[in-house]
Each structure stands twice: as C-alpha cells, then as structure tokens.
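# Fold and contact review
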Amino acid sequence: MQTGDLIKVESKTESLRPPWYGMMGIIIGSEPATTHHDGVPLWEVVVTDSRCPVGLRSLLIRESYLRVLSNGKSPRLQQKNTVTESNTVG
C-alpha cells in the first residue's frame, strides 16, 4: 500500500466492522510512527462515500481493514492502458 491507492474498507472474519465498512476511499498518507498495539500500521484515508459518518475528513485506519483496488492509478486508465503515472502513452 502507498499514498494514492484506491481502497475499500473491509473487516477480517470474526472481528468488528468499522462504521465505514464497504466504503471506498483514497490513501493520503501513512502514520509509520503510530501503529496499533499489535504492530499493524495505520494509514490516513479519506473515505469518499457520501454515507461516511465523518464526512470527508481523514481517518486513521488499520492496514488489516483495507483492500487495495488500484495502485495509485485510475482503474479506467489501467483498463484501456493509455496513460500511466509518468504520462507516457502505452
């Protein structure tokens, strides 16, 4: 995971679901010095779903609750393979 990744908030089996479960968002940063008590990194995420109870404020979410949907690129552009992050035509 890295800054700019499109993610979906999920939960592990047999664990509590966060209030933004099933919503999509974008990673805007990481908190390497701040980790959960079990050593799982926290990522700063803006959940873009309008149903998010905290609006568009950034949240710190454990890495184990996040699933990467696209690695820093638009899924539409990846599918057509026309533009990459470096602005080259492929």
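Here the structure is shown first, and the text comes after it.
Structural notes, computed from the coordinates. Only a predicted model underlies this, so the values are computations on that prediction, with no experimental measurement involved.

## A closer look at the overall build of the protein
Looking only at helices and strands, the protein features one helix and five strands. A buried classification covers 26% of the 90 residues belonging to the protein. Within the protein, counting contacts between residues at least 6 apart in sequence, those at least 24 apart form 39% of the total. Working note: accessible area of the protein is about 6,000 Å², and carbon and sulfur atoms make up 51% of it.

## A closer look at the pattern of salt bridges
This structure, assessed with the given rule, holds two salt bridges. The salt bridge partner of Glu10 is Arg67, with a shortest N-O separation of 2.7 Å. Here Glu10, found in the loop between strand 1 (6-9) and strand 2 (24-35), pairs with Arg67, found in strand 5 (residues 66-70); they are 57 residues apart in sequence, far enough to count as distant. Its salt-bridge partner being Asp49, residue Arg51 comes within 2.8 Å of it at the nearest N-O pair.

What counts, and at which threshold
Residues numbered from 1 in each chain as written. Predicted model: local features only at pLDDT ≥ 70, side-chain atom pairs only at ≥ 80, totals over all residues. Heavy atoms only, no water. Helix = DSSP H or I, 4+ residues; strand = E, 2+ residues; numbered from the N terminus. Buried < 20%, exposed > 50% of the residue type's maximum accessible area, 1.4 Å probe, protein only. Contact = heavy atoms within 4.5 Å. Areas by Shrake-Rupley, 256 points an atom, 1.4 Å probe, with all protein chains shown as cover. Salt bridge = Lys/Arg side-chain N within 4 Å of Asp/Glu carboxyl O.

Limitation: the analysis is restricted to geometry and does not speak to function.
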